[in-house]
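# Observations on the three-dimensional arrangement
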Amino acid sequence: MSPIASESTVTLREITPANSEAIFKLSVADSQKHLVASNERSIAQAHFEEAAWFRAIYADDEPVGFLMLHDESLRAEPREEGYLVLWRMMIDERFQGMRFGWEAMLLVIAHARTRPTVTRLQTSWAQEDGNAGDFYRKLGFVPTHVDDDGEQWAALEL
Ligand SMILES: CC(C)(COP(=O)(O)OP(=O)(O)OC[C@H]1O[C@@H](n2cnc3c(N)ncnc32)[C@H](O)[C@@H]1OP(=O)(O)O)[C@@H](O)C(=O)NCCC(=O)NCCS
């Protein structure tokens with residue numbers, strides 16, 4: 001099997017007993033750990049949140065990252081409609097800068113466009129060193145406001 005490269009095909013895959021350990025082991029650099037929760041924590045939270053939609057990010061057959069959406073329409077009784085929130089997004093430190101995050105976001109945006117009633121994708125980032133603000137801006141997200149926790153919010157109209 002050839003090693004993964006920027007040209008590798010990026011897919012979003014369900015997390016199962018067969019691949020969960022590999023996803024738990026994916027990690028950002030120590031200097032980035034203040035920017036995103038660990039995958040163990042995110043997946044545990046997902047199991048208590050009806051509105052969570054989460055996937056592993058693969059480059060060819062190599063797991064390289066993780067993302068999670070908050071999708072109100074997954075609830076039996078949605079509380080609000082019209083937007084999705086990108087809740088978690090990470091690429092393992094070994095695989096950053098290879099465009100896998102970008103390709104995964106294009107897949108998330110395509111997925112968001114298939115959701116009923118959804119016209120906007122929102123995200124936020126901590127205003128701290130190394131934050132992903134420019135990554136999201138390049139994707140077309142437009143900053144909207146800063147919340148009480150100091151998180152910068154941004155939105156992408158679909
Ligand atoms: C942010 C993250 C998901 C980006 O994924 P990635 O695969 O490394 O990024 P890509 O290689 O797809 O980069 C795409 C573009 O965004 C830019 N970019 C990526 N991360 C960036 C960052 N943190 N700050 C500024 N620009 C960034 C790249 O330089 C590239 O720009 P170019 O098109 O001009 O060359 C990844 O670096 C990561 O997991 N970071 C740590 C955790 C984190 O901050 N998650 C987001 C929480 S809000």
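Preceding this section is the structure that the text describes.
What counts and what doesn't
- Residues numbered from 1 in each chain as written.
- Predicted model: local features only at pLDDT ≥ 70, side-chain atom pairs only at ≥ 80, totals over all residues.
- Helix = DSSP H or I, 4+ residues; strand = E, 2+ residues; numbered from the N terminus.
- Contact = placed C-beta atoms within 7 Å.
- Near = placed C-beta within 6 Å.
- Nonpolar A, V, L, I, M, F, W, Y, C, P; charged D, E, K, R; others polar.
- Expected span 1.5 Å × (residues − 1).
- Buried ≥ 20, exposed ≤ 12 C-beta atoms within 10 Å, placed from the backbone.
- Arc of directions from axis to C-beta.
- Pairing = 2+ DSSP bridges.
- Axes fitted to C-alpha atoms, helices over the stretch in contact; angles between N-to-C directions.

### Concerning the overall build of the chain
- Within the chain, the secondary structure is distributed over four helices and seven strands.
- Element order for the chain, N to C, with α for helix and β for strand: β-α-α-β-β-β-α-β-α-β-β.
- Summarising its shape, the C-alpha atoms of the chain cover approximately 45 × 35 × 25 Å along the three principal directions.
- Put simply, 61% of the contacts in the chain that link residues at least 6 apart link residues at least 24 apart.

### Concerning the site of the ligand
- The environment of the ligand is made up of 20 residues, and the closest members are Gln96, Gly101, Trp102, Ala132 and Asp134.
- When contributions to the shell around the ligand are tallied by element, the ones reaching two or more residues are strand 4 (83-91), helix 3 (100-113) and helix 4 (133-138).
- Within the shell around the ligand, the residues separate by chemical class into twelve nonpolar, five polar and three charged.

### Things to note about helix 3
- Given a rise of 1.5 Å per residue, 14 residues ought to cover 20 Å, and the 20 Å separating the end C-alpha atoms of helix 3 matches this to within 8%.
- Considered for burial, the residues of helix 3 that qualify are Phe100, Gly101, Ala104, Met105 and Val108. On an axial view of helix 3, the arc spanned by its buried residues comes to 130 degrees, and they lie on one face. Exposed positions of helix 3 whose direction lies more than 90 degrees from the buried face are Leu106, Ala110 and Arg113.

### Examining the sheet that holds strand 2 (residues 52-59)
- Across the sheet, seven strands lie side by side as 1-2-3-4-5-7-6; this open sheet has mixed pairing. Strands with a single pairing partner mark the edges of an open sheet, and in this sheet they are strand 1 (10-13) and strand 6 (142-146). Looking at each pair of strands side by side, their axes are set apart by 30 degrees on average, direction ignored.
- Bridging between strand 5 (residues 120-126) and strand 7 (residues 151-157) involves seven bridges; their strand directions are antiparallel.

### Considering unusual backbone geometry
- Non-glycine residue Asp60 carries a positive phi angle of around 50 degrees.
- Among the structural elements, Asp60 can be located in the loop between strand 2 and strand 3 (62-70).
- Since 15 C-beta atoms lie within 10 Å of it, Asp60 is described here as partly exposed.

### Quick word on helix 2 (residues 39-46)
- Where helix 2 is concerned, the buried positions are Asn39, Ser42 and Ile43. Viewed end-on, helix 2 has its buried residues packed into an arc of 95 degrees, placing them on one side of the element. What points out from helix 2, more than 90 degrees from its buried face, is the exposed set Glu40, Arg41 and Ala44.
- Residues of helix 2 that are buried sit in contact with helix 1 (20-25), strand 2, strand 3 and strand 4.

### Observations regarding the environment of Glu77
- By the element assignment, Glu77 lies in the loop between strand 3 and strand 4.
- Spatially, the C-alpha atoms of Glu77 and Asp149 are 28 Å apart, while their sequence positions differ by 72 residues.

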